[in-house]
Amino acid sequence: MTPLPMTVISGYLGAGKTTFINQFLAADHGLKLMILVNDFGAINIDAALLASKDEDTIALTNGCVCCTMGSDLFLALGDALDRRPRPDHLIVEASGVADPARIANAARAEPDMRYAGIVTLVDGEAFDGLSNDPLIGPQVRNQVSRADLVVITKQVPHALEAGLAELTHAPILRDPNSAAVLNLVLSDLAPATLTDSVTQHPDYTAWVSQEVTGIDKAALHKALTHRPSGLFRVKGTIVDSAGGAWVVQVVGQNIDITRTTASDLPALVGIGPRSRVDLNEVEAWWSSVRTLET
């Protein structure tokens, strides 16, 4: 049987990985895709936000499999290989804190799989600040250096390419919505040679709340602009006092709250470096949000 190709979609917190993968699920490529989602936090928010949430989605909620290479990952790969009919392509959405090479190397260790490359998504608006951050910069730069293809998801002046080119020899593309990018990932992506080296990164922590009903959108937006500074990423679904559901996507200073269909499990997850996040402060902040009158 032909080895199952596996592509890893990488990128730091909030780079747009779930949105990017949803394009694959919506595209008319004729392939049967299987999605493996490795999110950070007790609740797998990214899996819940995928356009397809059926038997072709496998969710891992164990954070950084890049370091532990735990049994869950290998069990999930075995699950994909055992499916009948077998999928045509496995796409792994790595957590934002993962070293994608450690996940991709699992494909090399499995004779029935074929490593089909790493795609690293770059938030063009945030990259300079993130890459120069003394704590997380090495991790962000490493994700780019591991890539076989770099895709810029938020547009900025073309000077960004020069900085990225110093980190990688991979092609750098600007249009994550183009059919050409999707076709390249699914067919013609030429993978580089991976190394077994492990890149160290800071320890991360996640705050999770399922007390997210009766929340006023406007009050929430204001509160998120003044959230505890260590929470770089916040995502999930909240429910307002009228029963309407809203998807929350926060990356740095960018806050997006959009209407969605009712959520089966409304919840919010906040993520940041452990040394910069005081969970007691976060809990106090969220308690104040929940007591705001609509």
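The structure reproduced in this document is the subject of the present report. For clarity, every value in this text was computed on a predicted model and none was experimentally measured. Per chain, residues are indexed from 1 in the order of the written sequence. Note on the predicted model: pLDDT of at least 70 is required for a residue's local features to be given, and 80 or more for side-chain atom pairs to be given and counted; whole-chain, interface and lining totals, by contrast, use all residues. Side-chain numbers come from the whole structure's heavy atoms, not from hydrogens or water.

Quick look at the overall build of the chain
Reasoning step 1: Secondary structure counts use DSSP, requiring at least four H or I residues in a row for a helix and at least two E residues in a row for a strand, with both numbered from the N terminus. When you go through the chain residue by residue, the secondary structure sums to eleven helices and twelve strands.
Reasoning step 2: Each of the 294 residues in the chain was classed as buried or not, and the buried ones make up 55%.
Reasoning step 3: Here the analysis covers contacts within the chain between residues at least 6 apart in sequence; of these, 73% occur between residues at least 24 apart.
Reasoning step 4: Areas reported as accessible are Shrake-Rupley estimates using a 1.4 Å probe. Residue values count occlusion only from the protein chains shown. Carbon and sulfur atoms make up 51% of the accessible area of the chain, which amounts to about 12,900 Å² in all. Under the scheme applied here, a residue whose accessible area is under 20% of the maximum for its type counts as buried, over 50% as exposed, and between as partly exposed, the area being computed with a 1.4 Å probe on protein chains only. Between two residues, a contact is recorded if the distance between any of their heavy atoms is within 4.5 Å.

Things to note about the packing of aromatic side chains
Reasoning step 1: Working definition: a ring pair exists when centres of Phe, Tyr or Trp rings (six-membered ring for Trp) sit within 6.5 Å. Plane angles under 30 degrees give stacked, over 60 give edge-to-face, the rest tilted. Counted by the stated rule, this structure contains six aromatic pairs.
Reasoning step 2: Plain terms: the ring middles of Trp-207 and Trp-286 are 5.7 Å apart, the flat faces sit at 65° to each other, and that makes the pair edge-to-face. Taken together, the residues span a long stretch of sequence, with Trp-207 in strand S8 (residues 204-209) and Trp-286 in helix H11 (residues 279-290) at a distance of 79 residues.
Reasoning step 3: Since its relative accessible area comes to 2%, Trp-207 is described here as buried.
Reasoning step 4: Classification of Trp-286 as buried rests on a relative accessible area of 1%.

Some words on the pattern of salt bridges
Reasoning step 1: The term salt bridge refers to a pairing of a side-chain nitrogen on Lys or Arg with a carboxyl oxygen on Asp or Glu at a separation within 4 Å. With the rule as written, the count across this model stands at seven salt bridges.
Reasoning step 2: Here Arg-146 makes a salt bridge to Asp-99, at a shortest N to O gap of 3.0 Å. Highlighted residues: Arg-146 in the loop between helix H7 (137-145) and strand S6 (149-152) and Asp-99 in the loop between strand S4 (89-93) and helix H5 (100-109), separated in sequence by 47 residues. In terms of burial, Arg-146 and Asp-99 fall into one category: buried.
Reasoning step 3: For Arg-174, the salt bridge is made with Glu-161, and the minimal N-O distance between the two is 2.6 Å. With Arg-174 in the loop between strand S7 (172-173) and helix H9 (179-188) and Glu-161 in helix H8 (residues 159-165), this pair connects stretches of sequence that are 13 residues apart. Neither Arg-174 nor Glu-161 differs from the other in exposure class; each is buried.

Some points on the pairing of strand S10 (residues 245-251)
Reasoning step 1: With six of seven residues buried, S10 is to be regarded as a mostly interior element.
Reasoning step 2: With seven bridges connecting them, strand S9 (residues 233-239) and S10 associate as antiparallel partners. The residue of S10 that forms the bridge with Thr-237 is Val-247.
Reasoning step 3: For two strands to be treated as a pair, DSSP must find no fewer than two bridges joining them. The turn joining S9 and S10, which pair antiparallel and follow one another in sequence, is formed by five residues; a positive phi near 90° is taken by Gly-243.
Reasoning step 4: If you look at the hairpin formed by S10 and strand S11 (residues 254-260), you'll find two residues sitting between the two strands, and Gly-252 has a positive phi there, around 60°.

Regarding the sheet that holds S8
Reasoning step 1: Taken together, five strands build an open sheet; the order of strands is S8-S12-S9-S10-S11 and the sheet is antiparallel. Both outer strands of the open sheet, S8 and S11, are each paired with one neighbouring strand and no more. Averaged over all neighbouring strand pairs, the angle between strand axes comes to 15°, with direction disregarded.
Reasoning step 2: What counts as an axis is a line fitted to C-alpha atoms, over the stretch in contact for a helix, and the angles between N-to-C directions run from 0 to 180 degrees. The sheet contacts of H11 involve S8 and strand S12 (267-273), and relative to S8 the element is tilted by about 25°.

Concerning H5
Reasoning step 1: Buried residues dominate H5, accounting for eight of its ten residues.
Reasoning step 2: Along H5, the residues classified as buried are Pro-100, Ala-101, Arg-102, Ile-103, Ala-104, Asn-105, Ala-106 and Ala-107.
Reasoning step 3: Whenever a nitrogen or oxygen atom comes within 3.5 Å of another N or O atom, the pair is scored as a polar contact, on the condition that within protein one atom can donate a hydrogen and the other can accept it, and that pairs from neighbouring residues in sequence are kept only if both atoms are in side chains. Residue Asp-99 occupies the N-cap position of H5, its side-chain oxygen lying 3.1 Å from the main-chain nitrogen of Ala-101.

By themselves these figures say nothing about function.
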